[in-house]
Amino acid sequence: MVAKFLSLACMRRSESSRGGGDLSPRPHYPSMPKYPKGALSSEEEKNMEGSESTALFSVVGMTCSACAGSVEMAVKRLPGIKEAVVDVLKKRAHVMFYPSFVSTETIQETIEDVGFQATLVEDETNEKSTYVCRIQIKGMTCTTCSTTVESALQAVPGVQKALVALATEEAEILYDPKVVSCNQLIEAVEDSGFEAILISTGEDTSKIQLKIEGKWTSNSMSMIESSLQALAGVQEVDIDPALYKFSISYKPDLIGPRDLIKVIESTESGRFKAMFFPEGGGRESHRKEKIKQYYRSFLWSTVFTIPVFLTSMVFVYIPGLKQAMDTKVVNMLTVGELIRWTLATPVQFVIGRRFYVGSYNALRHGSATMDVLITLGTNAAYFYSVYNVSRAATSPYFKSTDFFETSSMLISFILLGKYLEVLAKGKMSEAIAKLMELSPEAAILLTLDKEGNVIGEEEIDIRLIQKNDVIKIIPGAKVASDGYVIWGQSHVNESMITGEGRPVAKWKGDTVIGGTVNENGVLHIKATRVGSESALSQIVRLVESAQMAKAPVQKFADRISKFFVPLVIILSFSTWLAWFLAGKFHGYPKYWIPSSMDSFELALQFGISVMVIACPCALVLATPTAVMVGTGVGASQGVLIKGGQALESAHKVNCIVFDKTGTLTTGKPVVVNTRLIKTMVLREFYELVAAAEVNSEHPLAKAVVEYAKKFREDEENPAWPEAQDFKSITGHGVKAIVMNKELIVGNKSLMLKENIVIPVQAEEMLAETEGLAQTGVLVAVDRDLVGVLAISDPLKPSAGEVISILKSMKVRSIMVTGDNWGTANSIAKEVGIDTVIAEAKPEHKAEKVKELQAAGYVVAMVGDGINDSPALVAADVGMAIGAGADIAIEAADIVLMKSYLEDVITAIDLSRKTFSRIRLNYVWALGYNLIGIPIAAGVLFPSTRFRLPPWIAGAAMAASSVSVVCCSLLLKNYRRPKILDNLEIRGIVVEL
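In this text, all values refer to a predicted model and were calculated from it rather than measured experimentally.

**Looking at the overall build of the protein chain**
At step 1: What the protein chain contains, in helices and strands, is 35 helices and 36 strands.
At step 2: A separation threshold of at least 6 residues defines the contact pool for the protein chain, and within that pool the share at least 24 residues apart is 71%.
At step 3: When the accessible surface of the protein chain is split by element, carbon and sulfur atoms take 56% of a total near 43000 Å².

**Brief notes about the UniProt feature "transmembrane region" (unreviewed entry) in the protein chain**
At step 1: Cross-referencing UniProt, the feature "transmembrane region" (unreviewed entry) maps to residues 297–318, 368–387, 563–582, 602–622, 922–942 and 948–971 in the present numbering.
At step 2: With 90% helix and 0% strand, the stretch residues 368–387 has end C-alpha atoms that lie 27 Å from each other.
At step 3: Each end of residues 563–582 is marked by a C-alpha atom, and these two atoms are 28 Å apart; helix forms 100% of the span and strand 0%.

**What about the side chain of E687?**
At step 1: Examined against the element boundaries, E687 turns out to sit in helix α23 (residues 682–693).
At step 2: Dropping the residues within four chain positions of it, E687 is found in contact with R712, W720 and P721.

**A look at the packing of helix α13 (residues 370–394) against helix α19 (residues 599–613)**
At step 1: Put simply, α13 and α19 touch, their axes get as near as 8 Å, and they point 160° apart. When the axis of α13 is compared with that of α19, the two are roughly antiparallel. The interaxial crossing formed by α13 with α19 has left-handed handedness. Contact with α13, carried on its side by L373, L376, G377, A380, A381, Y384 and N388, involves F600, E601, L604, I608, M611 and V612 of α19 and no other residues of that element.

**A short note on the state of the cysteines**
A covalent bond between the sulfur atoms of two cysteines is what we call a disulfide.
At step 1: Under the defined criterion, the tally for this structure stands at zero disulfides.
At step 2: Summary of cysteine pairing: C967 is not part of a disulfide, and the nearest cysteine sulfur, belonging to C966, is at 8.8 Å.

**A few points about helix α26 (residues 760–771)**
At step 1: Here α26 is twelve residues long and its end C-alpha atoms lie 17 Å apart, about the 16 Å a rise of 1.5 Å per residue gives.
At step 2: Taken residue by residue, α26 has A762, M765, L766, T769 and E770 as its buried positions. Summarising the axial view, the buried residues of α26 lie within an arc of 125°, below the 170-degree limit, and thus occupy one face. Exposed side of α26, more than 90 degrees from the buried face: V760, E764 and G771 are the residues found there.
At step 3: In this structure, the buried residues of α26 make contact with β26 (670–676), α25 (748–753), β30 (775–781), β31 (784–792) and α28 (821–831).
At step 4: Where α26 ends, the next residue or the one after it, A773, has phi of about 60°, a positive value.

**What about the environment of P870?**
At step 1: When you line up the elements, P870 lands in helix α30 (residues 869–874).
At step 2: Judged by relative accessible area, which is 34%, P870 ranks as partly exposed.
At step 3: In the structure, P870 is positioned 26 residues away from H844 in sequence and 9.3 Å away in space, judged by C-alpha atoms.

**A few points about the environment of A527**
At step 1: Tracing the sequence through the fold places A527 in strand β23 (residues 523–529).
At step 2: Here the alpha-carbon distance between A527 and G514, two residues 13 residues apart in the chain, equals 9.4 Å.
At step 3: Other than its neighbours up to four places away in sequence, A527 contacts I465, Q466, K467, N468, D469, S481, D482 and G483.

**Here we look at helix α34 (residues 950–969)**
At step 1: Between its first and last C-alpha atoms α34 spans 29 Å; for 20 residues at 1.5 Å apiece the expected length is 28 Å, and the two agree.
At step 2: Counting buried residues along α34, 14 of its 20 residues qualify, which places the element largely inside the surrounding structure.

**Regarding the pairing of β31**
At step 1: For β31, a buried count of eight out of nine residues is recorded, marking the element as mostly surrounded by other parts of the structure.
At step 2: By the bridge criterion, six bridges tie β26 to β31 in an arrangement that is antiparallel. Residue V671 lies in a different strand from β31, and its bridge partner there is I791.
At step 3: Here β30 folds back onto β31, and the loop between the two strands holds two residues, one of which, D782, carries a positive phi near 50°.

**What to know about the pattern of salt bridges**
At step 1: Considering all chains together, one arrives at 25 salt bridges under this definition.
At step 2: D402 is paired through a salt bridge with R340; the nearest N and O atoms lie 2.9 Å apart. Here D402 is found in the loop between α13 and α14 (404–428), whereas its partner R340 is found in helix α11 (residues 335–351), with 62 residues between them in sequence. Across the pair, exposure class does not vary: D402 and R340 are buried alike.
At step 3: Across the salt bridge formed by K678 and D784, the nearest N and O atoms sit 3.8 Å from each other. Taken as a pair, K678 in the loop between β26 and α23 and D784 in strand β31 lie far apart in primary sequence, 106 residues in all.
At step 4: The exposure class of D784 is partly exposed, given its relative accessible area of 35%.

**Let's talk about a negative patch on the surface**
At step 1: Together, E105, E109, E112 and D113 give the surface a local cluster of negative charge.
At step 2: Inspection of the secondary structure puts E105 in helix α3 (residues 104–114).
At step 3: Owing to a relative accessible area of 48%, E105 belongs among the partly exposed residues under this scheme.

**Examining the nonpolar core**
At step 1: L153, L185, I656, F658 and I894 are the most contacted members of the largest nonpolar core, which has 131 residues in total.
At step 2: Among the elements that line this core, the one with the most residues is helix α32 (residues 903–936), at twelve residues.
At step 3: Once residues lying within four places of it in the same chain are set aside, the contact partners of I894 are V639, L640, I641, A646, A650, V877, G878, M879, A880 and A907.
At step 4: I212, I460, A480 and A527 belong to the second-largest nonpolar core, a separate cluster that totals 37 residues.

**Some points on the sheet that holds strand β20 (residues 504–506)**
At step 1: Read across the sheet, three strands follow the order β20-β19-β22 without closing on themselves; strand pairing throughout is antiparallel. Across the chains shown, the open sheet's two edge strands, defined by having one partner strand only, are β20 and β22 (517–520). Within this sheet the neighbouring strands show an average axis-to-axis angle of 40°, counted without direction.
At step 2: Here strand β19 (residues 490–493) runs beside β22; their pairing, made up of three bridges, is antiparallel.

**Topic: the packing of aromatic side chains**
At step 1: Counted under the stated rule, the structure contains 25 aromatic pairs.
At step 2: Between Y686 and Y707 the ring centres are 5.1 Å apart and the planes differ by 55°, which places this aromatic pair in the tilted class. On the criterion of sequence distance, the pair formed by Y686 in helix α23 and Y707 in helix α24 (residues 699–708) is long-range, its members being 21 residues apart.
At step 3: On the accessibility criterion, Y707 (22% relative accessible area) is partly exposed.

**A closer look at the confidence of the model for the protein chain**
At step 1: In the predicted model, the protein chain carries a mean pLDDT of 80, and the fraction of residues at 70 or more is 85%.
At step 2: Predicted confidence for residues 124–128 stays below pLDDT 50, and this span has ten contacts to residues more than four positions away or in other chains.
At step 3: The low-confidence segment residues 985–992, where pLDDT is below 50, has five contacts with residues more than four positions distant or belonging to other chains.

**A closer look at unusual backbone geometry**
At step 1: A positive phi is found at D782, a non-glycine position, where the angle reads about 50°.
At step 2: Overall, the relative accessible area of 43% leaves D782 in the partly exposed class.
At step 3: One non-glycine residue with positive phi stands out, namely K810, at about 65°.
At step 4: Of note, K810 is situated in the loop between α27 (799–808) and β32 (812–816).

What counts as what
Residues numbered from 1 in each chain as written. Predicted model: local features only at pLDDT ≥ 70, side-chain atom pairs only at ≥ 80, totals over all residues. Heavy atoms only, no water. Helix = DSSP H or I, 4+ residues; strand = E, 2+ residues; numbered from the N terminus. Contact = heavy atoms within 4.5 Å. Areas by Shrake-Rupley, 256 points an atom, 1.4 Å probe, with all protein chains shown as cover. UniProt positions renumbered as here; feature names shortened; annotations may be inferred. Axes fitted to C-alpha atoms, helices over the stretch in contact; angles between N-to-C directions. Parallel < 35°, antiparallel > 145°, perpendicular 65-115°, else oblique. Left-handed = near helix turned anticlockwise from the far one by under 90°. Disulfide = S-S within 2.5 Å. Expected span 1.5 Å × (residues − 1). Buried < 20%, exposed > 50% of the residue type's maximum accessible area, 1.4 Å probe, protein only. Arc of directions from axis to C-beta. Pairing = 2+ DSSP bridges. Salt bridge = Lys/Arg side-chain N within 4 Å of Asp/Glu carboxyl O. Patch = residues over 30% accessible without salt bridge, like charges linked within 9 Å, V, L, I, M, F, W, Y side chains within 5 Å. Lys, Arg positive; Asp, Glu negative; His and termini not counted. Charge placed at Lys NZ, Arg CZ, Asp CG, Glu CD. Core = buried A, V, L, I, M, F, W, Y, C linked by side-chain atoms within 4.5 Å. Phe/Tyr/Trp six-rings, centres within 6.5 Å; stacked < 30°, edge-to-face > 60°. pLDDT = per-residue confidence, 0-100.

Here it is, written out as structure tokens:
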């Protein structure tokens, strides 16, 4: 899942307690954590290690996280289970197991014994009907180009959705792999007249490109290919003999790059050496190459254009040089005209070739782009000049006037504008580049013996890390991979990923994120997610997708751009015709015509100026450039915004619905009081309660289990009695049979529903607990109420101030929770929220959101749990707390990575600033065209004699796009409201 990039809950913690890390000089890790040492024979361990398998089950009937937790717990108790992950929203259970000890039938029966219907999914690829393919597209110059490519991709059977972004020059395609392949998508782009390079396919495979050194023969290459294809997990092997390159697609769960390299180098007695093929063709290298191309083109264009400009505009006013330039060569053809013709020709056809190619491709597909306008304008000036000088060369009387400086200067200024635009665009993607730089280049791989002792270490390329590798992280080094600590203790600086400024303590069992920095102490971690599955890769992918996604306001520009170029061509021709006819029929005085022109040439100058000054690019770049910078700035502030749609909706938000637990509160509840109504030993009481609650994933259940461990301090990992017939009642509690006793743990409504009598004493305890903003949990044994637990979940330090600031921003705040009314009202009163909805089930939260939307509010939902995901989806903007559940994060539009409540304000403020910048861009882009085109057409000429030469019009056109991009880049200076910095400092002090 895309959302797994940050959640600490998604990676299962070690069974060990937080404080008991083994700090001996020679760390030891059990190779089979599911079984104690000695429980299995060496042969059994060997069988298990060599025959790992995976299975996907469809699980019907799950309604909440407790359901998923009970399924996961039941499966993990089976012998031979390596890992089990249950997704309640997708109704799937993904199990990694050892077939020697457990079968898929046993796993299926176990899930069904828990109370859910389970079906083995035979072919996981058939279940996944949609992949996301990303393609880099070269050659796009304006919105018509991107629209042409988008239309071509949408027309391919099997394509569900296609987005083409001019700003990033990439396409993102949602497609059905059973209907269409990535190669067909690339062909569709190339058929549209553009070059396409595959970035990613979205398939559940990884791809590695290796350069093979050695003596190549057809027999040896065939042997290597056969050896690779025989490996489990290898899906495809492509060979490029010219480059000595092997491209291998493989399943990362089954095999890794080190295995592939080992097989290649062991073929034919080690005659070959494999290494990573030098990288190239990526986004950054493509951008640098494009900058170089435009720079070279502009440089050469300037070399030829400056002499043309001097002979045309400067030398004619310098005595001596004027006579030299006016010297006749053939008939009336002068030296100056011949020089200008000679120098303007390579600018027009060699340096300006890109515009001809772009125009041909566009017209071939029935569209008109900016290249068409540039080509028409420059050709009109160039070929009219060629006609005049040719006529002068063949006539002893005809004195010609040429416009070679118009065509060459026009191309030079457009190339300068493109060069500056590409430079500016590169700065917009700096957020992604900085994220990618976080990953270290090398890692220290540890080698273990069968007992789990370290017997060696070596430094390897980070790309060679495979799942379940044990990596050593020394002080000051970057964490090489996502994983969990299996030995050592230290503090890790995670600010570059989560935005959390304080180093986080890491012990045995704690999770770590690749790209973060280990500050002190040595850590040994076990890699769990590598390559494209890592948190860093997921964040990069999320930001890339966000920058691809179009904001709804972009549709306005897209609609205009469809008709812009044809309309400009019509206006240009009409301008020329109007001025030509006016001159022909003496519609204006002759003295209006410059001495070096006639009426036709004056009309031609006006027509060309109109054609080249019009610029749809500025209009089209107004939104995506601002969105790119805004999402990049958000990522650097710890606020991940999933595209233009989320940005646009967030700036309109006037009502926010807050979940309570984990959002307004810390989400770390603790048991603060226990009162027994019946005579009972407290240890036995918690033995029963913990046995039932350990099967639940609810935060309150975890708090109870954690508290119960205090009565079993002699055991590091206490084993609780088995709970039979466990059942989770969403929003109420749990039921189970423990030690032949019927146990019911939950709220007051559950007890009433089960017809359990609540004594007056218990009622008073509940009222007192709720009055203190605590949650009361009732415990019944054999249908007799025996005790009341008081659980406190402290408010986040900044909660009250955040609500107050939102009120000043004219944003209404509402709290919705599954907790009881007493506790909910106490919490709401403390933070200053007037409207409260308590005892709400997940569907009730979504219904409340819809009610507010029907009342005219633009609603944001802020939550962190699985039960918040329906409301997150229903809201106009869903904001998920970064440390929350994966499903909540995936359902959200905005992810608050630091889990700070004040980042809700940052998200809204940033979205408002971004959209004010978009409006400013549109005002500039529309104003430029609405004012520039009439001036270029000669509206001011009759009254002021001011006209806009075509080369100046071209410079203005180039400047318009650059100015819009630079205006968007000013967003990089965004700073969140200062009052939030004070809140964060205060929150740190409170926590300390």
